[in-house]
Amino acid sequence: MATQPRIVIIGAGILGCALADELTRRGRAHVTVLDEGPLPATGASTRHAPGMLFRATGDRTMTRLADATAATYARTTLNGSGAFRPVGGLELATTPERLTDLHRRHGRAAASGTGSRIVDASECATLHPLIDPSTILGGLYVPGDGLVSPVVAARAQAGAATSRGATFLGHRRVTGIERSGGRVRSVHTSAGERFEADMVVSCAGTRGLLVGALAGLTIPLVPVVHRYVITSPVAALDAVHALESLTGRADPSLPILRHRDADLDVCEHGDRIGIGAFVTEDVGPSWDAALALLPGLADATCEEEIESALPFSPDGLPLLGEHPDLAGFWSAEAVRSTHAAGVAEAMAEWMTTGRPAVGGEPIDLSCAHLDRFDPRPVGPGAFGSRQVELRAVFGDAAGGQRPLWFEANAALPEVCETPRRRGRAARNWSPVTGAEALLTRRAAGLFDLSRWRRVEVTGPGAREFLERLTTSRIDRPVGTVLSTLMLDEAAGVRADLTVTRLGPQRFELGMTSRLDVGLLRSHTMPGVTIRDVTDETCALGLWGPKVPEILDGLVPGGAQHLGPSEAAEFSVGPVPVTGLRTSRVGEYGWEFSAAAEHGEALWDTLFVAGARHGLVAAGWHAFSSLRMETGHCLRGADISAEHDPDACGLGSAVDMDKGPFVGRAALARRRLAGPPARSLVTLVLDHPQAVLLGQEPVYDVPAARRSRGPVLVDSDSGVPAPAGGDGGVLGHVASAAVGHTVGESIAHVWLPTERAVTGTRVEVECLGLRLGAEVVDGPRHAPADGTGASLIHPTATS
């Protein structure tokens, strides 16, 4: 019998207790939980948290974690008291923009299986009679939202963990984390104790930054002041309670409220009201906003005020996972009670099986991974000065910035060929985007690819290392470029990448994100050197039918004659580059990488040579449109470890005959078991200019409604589910874009495999409309001859 790992959890708040419960439930008996405070009292954040659980965050992963949390706490009790009360949640809109956002999040909630509905101002006041309906436009009502009792939840789960062998120790401030050989070894406390540890999990809340420092690590946490005010008795509540009691409701509690535009959360406390806000000084403006929304507070006063510092990550999402620089050190920080039990379940699965999961299904935690933040400078990069000269409009990307489009292209005649957008669809967008896409297909486009990762893998074991990690045969001639995948042990897709062989044991990898590089490094072996050269290099994509003419005289003749999926090192004008004959947009072209200090020279050389051939600088929006037309999938947008290559339409990137590789055995078992339950396919919407953002729900089409065109959502329920049980949610949109050069709105969507058939009619909900769509086979733009690396795309069953 294998030796049980010794696990130390730092922090006995709601999350630490939940994690101890989940770990011991999975047979991990050697769990020690340390807290600097007295026990069974829990951490400050847990004691003071109002416990409001709102599920419809707008992010599929976070909604799943909230659903899992509610499910766990709904069955958790302590001495007859429940840990969760589903009183319902109501998020309010006071502006048209916020109401639009609520429609979007209603759709995303439906895609995640969370019931919700859009309600008008009158129904908001019916649900919560203290609301003045004249101050709002409507709201998003989620019946399954409610109130977590953090203390009940923490104590109940701590008791369950203790009954299985876990140890909880209070008055133990962690003073040191011993490490050697790249691993954690033990934890030292203020009581002079040393706890040997194979795994250490930081659930320390506001002390997470200090705990990380004890391990020699940086945990990107920032404390944010939160104030929670509880009023004196509110007379208006008495009348509400009296009326509710007459209806016979077992729990007459009002729904919790959220008012994002005023940064307010509101909760009932018996005959009082609690008001929470993130404010640094005076709570007066928050009180005024609450009074405007709830006039019944006029006779009440602020009777109690609780101030606490809550830990936040830079983007507000949790920090989860094992630290890439210290094996065995895990983070579970910046987690609110809304997600605590779900995070604990996912983390326990991750720590015991190597794959996070909730409810028995894998969950992609990339958006909440501890190592997602890039320490690189946030500026535009090596080409920044030239892009600024072309009046680039920048957007955030992978810790930096990349051009979305170039205003210098606004005078191009092709701009007039792009239909204009209105309202929400016109935000962060310009018709210049369409012109840049059109000119890439007609002439050539120059794209900044620097934000993608470039990694060198060298050494006597390099080829063997990559053979073991990737799904394609690596032993190919020097100068070969191939598209391949990295899987986890369960055959989930962890990364899609290109591998270029530049020497017998020298390879250059193109990867999507920092997390992909961390995955690669986690498998390192003797005789292999992995070097992330992204910061010291830059990259450009030059694609379009005029590219051969642009490069004539700029590159050696031999380079011009390289075939698809081939690469070489040569010079473009005066600039040494590595050139890959590949394309991500379905046009002839190249990807060039060079030293960062040569970035401006490379840009100038190509831009000047291309000017007489119609070359345009093109931004990310044009790239997104072109890659959707070509059917190219992206890790993080379309594909994740939740699905295997066959489900993603990437089976052609797997060579089962090449020998052993990570995930091969699991994939073989899956294939023997039959087709995947869900598949990624391409949809074309009936409305050619429909703008989707991703994560919208996809519905079955009732037999009585198979005509093309939009259908209004049921105004009574807000949920577009037709009568008769037909028209239920089938899946969700993974990514989407308007294909400017094909005149279609295109989406990659996840559907049940039996419905992933060419010609299947479905409907996509977008801001209260049902938009008709049809499953199609293959890309909408046929790749030009010699476009380079084989494109991997979702393909429907004919």
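Our subject is the structure that appears above.
We now turn to the structure provided with this report. Everything numeric in this text was worked out from a predicted model, so none of it was measured.

## Quick word on the overall build of the protein chain
Logical step 1: A tally of regular secondary structure across the protein chain gives 20 helices and 44 strands.
Logical step 2: For the protein chain, whose C-alpha radius of gyration is 28 Å, the value lies close to the compact-globule estimate of 28 Å for 798 residues.
Logical step 3: Seen along its three principal axes, the alpha-carbon backbone of the protein chain occupies a region of about 85 × 65 × 55 Å.
Logical step 4: By residue count, 58% of the 798 residues in the protein chain fall in the buried class.
Logical step 5: Nonlocal contacts in the protein chain, meaning residues at least 24 apart in sequence, comprise 72% of its contacts between residues at least 6 apart.
Logical step 6: Counting 75 positive and 91 negative side-chain charges, the protein chain places the averaged centre of each group 4 Å from the other.

## Notes on helix H9 (residues 284–293)
Logical step 1: Every buried residue of H9 is accounted for by Ser286, Trp287, Ala290 and Leu293. Down the axis, H9 shows its buried residues gathered within 125° of arc, on one side only.

## Let's talk about the packing of helix H1 (residues 14–25) against helix H10 (residues 340–353)
Axes are the key here: two packed helices are described by the angle between their axes and the distance separating the axes.
Logical step 1: Between H1 and H10, the shortest axis-to-axis distance is 8 Å and the interhelical angle comes to 45°. One way to sum up the angle between H1 and H10 is to call them oblique. Handedness of the H1/H10 crossing: right-handed. From H1, Ile14, Leu15, Ala18, Leu19, Glu22 and Leu23 reach across to H10, where they touch Ala340, Ala341, Val343, Ala344, Glu345, Met347, Ala348, Met351 and Thr352.
Logical step 2: Classifying every residue of the contact of H1 with H10 by side-chain character gives 12 nonpolar, one polar and two charged.

## Considering the sheet that holds strand E31 (residues 506–511)
Logical step 1: Spatial strand order, E29-E30-E31-E28-E32: five strands in an open sheet with antiparallel pairing. Where the open sheet ends on each side, the last strands, each with one partner, are strand E29 (481–487) and strand E32 (529–532). Pairs of neighbouring strands in the sheet enclose a mean axial angle of 30°, with direction left out of account.
Logical step 2: Docked against the sheet, helix H14 (residues 514–522) engages strand E28 (453–458), E29, strand E30 (493–503), E31 and E32, running at close to 15° with respect to E28.

## Brief notes about the packing of aromatic side chains
Logical step 1: A full pass over the atoms with the stated rule returns 13 aromatic pairs.
Logical step 2: Summarising the aromatic geometry, the rings of phenylalanine 383 and tryptophan 603 are spaced 5.6 Å apart at their centres and angled 40° between planes, so their arrangement reads as tilted. Of the two residues, phenylalanine 383 sits in the loop between strand E24 (361–362) and helix H11 (384–389) while tryptophan 603 sits in helix H17 (residues 599–611), which places them 220 residues apart along the sequence.
Logical step 3: According to the relative accessible area criterion, tryptophan 603 is buried, its value standing at 2%.
Logical step 4: Feature note: the residues Phe447, Trp452, Trp543, Trp620 and Phe623 constitute an aromatic cluster, connected by ring pairs.
Logical step 5: Across the ring face of tryptophan 620, the terminal group of arginine 402 is positioned such that the distance to the ring centre comes to 3.7 Å.

## A word on unusual backbone geometry
Logical step 1: Note that the residue after leucine 39, namely proline 40, is joined by a cis bond; omega there is 20°.
Logical step 2: Structurally, proline 40 can be placed in the loop between strand E2 (31–34) and helix H2 (44–48).
Logical step 3: One non-glycine residue, asparagine 79, lies in the positive phi region at around 50°.
Logical step 4: Among the residues examined, asparagine 79 registers a relative accessible area of 78% and is labelled exposed.
Logical step 5: Even without glycine at this site, asparagine 428 takes up a positive phi of about 50°.
Logical step 6: Following the sequence through the fold, asparagine 428 ends up in the loop between strand E26 (400–406) and helix H12 (432–442).
Logical step 7: On the basis of relative accessibility, which here comes to 62%, the residue asparagine 428 falls in the exposed class.

## Re the sheet that holds strand E7 (residues 89–93)
Logical step 1: Across the sheet, which stays open at both edges, the eight strands sit in the order E8-E9-E7-E17-E18-E19-E16-E20 with mixed pairing between neighbours. The strands lining the two open edges of the sheet, one partner per strand, are strand E8 (117–120) and strand E20 (302–312). Strand-to-strand twist in this sheet, taken as the mean axis angle between neighbours without regard to direction, amounts to 25°.
Logical step 2: Taken together, the five bridges between strand E18 (residues 264–269) and strand E19 (residues 272–277) define a ladder with antiparallel strand orientation. Note on E19: the bridge partner recorded for valine 266 is isoleucine 275.
Logical step 3: Contacts from helix H4 (residues 96–111) reach E7, E8 and strand E9 (138–142) within the one sheet, and its direction differs from that of E7 by about 145°.

## Thoughts on the nonpolar core
Logical step 1: Ile9, Leu19, Tyr73, Phe168, Val201, Leu320 and Met347 are the most contacted members of the largest nonpolar core, which totals 48 residues.
Logical step 2: Where this core is concerned, the elements lending two or more residues are strand E1 (7–10), H1, E2, helix H3 (60–74), helix H6 (150–163), strand E15 (199–202), strand E22 (329–333) and H10.
Logical step 3: Looking at this core, the element that brings in the most residues is H10, giving nine residues.
Logical step 4: Setting aside residues up to four positions removed in sequence, valine 201 forms contacts with Ile7, Val8, Ile9, Ile10, Leu19, Trp330, Ala332, Met347 and Met351.

## Quick notes on the layout of surface pockets
Logical step 1: By volume, the second largest pocket is sized at about 450 Å³.
Logical step 2: Taken together, 20 residues line the second largest pocket, and the ones lying closest to its centre are Arg422, Ala425, Gln689, Ala690 and Val691.
Logical step 3: Classifying every residue of the lining of the second largest pocket gives 10 nonpolar, four polar and six charged.

So, how was this worked out
Residues numbered from 1 in each chain as written. Predicted model: local features only at pLDDT ≥ 70, side-chain atom pairs only at ≥ 80, totals over all residues. Heavy atoms only, no water. Helix = DSSP H or I, 4+ residues; strand = E, 2+ residues; numbered from the N terminus. Rg over C-alpha atoms; globule rule 2.2 N^0.38 Å. Buried < 20%, exposed > 50% of the residue type's maximum accessible area, 1.4 Å probe, protein only. Contact = heavy atoms within 4.5 Å. Lys, Arg positive; Asp, Glu negative; His and termini not counted. Charge placed at Lys NZ, Arg CZ, Asp CG, Glu CD. Arc of directions from axis to C-beta. Axes fitted to C-alpha atoms, helices over the stretch in contact; angles between N-to-C directions. Parallel < 35°, antiparallel > 145°, perpendicular 65-115°, else oblique. Left-handed = near helix turned anticlockwise from the far one by under 90°. Nonpolar A, V, L, I, M, F, W, Y, C, P; charged D, E, K, R; others polar. Pairing = 2+ DSSP bridges. Phe/Tyr/Trp six-rings, centres within 6.5 Å; stacked < 30°, edge-to-face > 60°. Lys NZ or Arg CZ within 6 Å of the ring centre and 35° of its normal. Core = buried A, V, L, I, M, F, W, Y, C linked by side-chain atoms within 4.5 Å. 1 Å grid on protein atoms, 1.4 Å probe; cavity = no way out; pocket = protein on both sides within 12 Å on 5 of 7 lines; lining within 4 Å. Points joined across faces, edges and corners; volume = space filled by probe spheres on them.

Everything listed is a geometric property; what it means functionally is a separate question.
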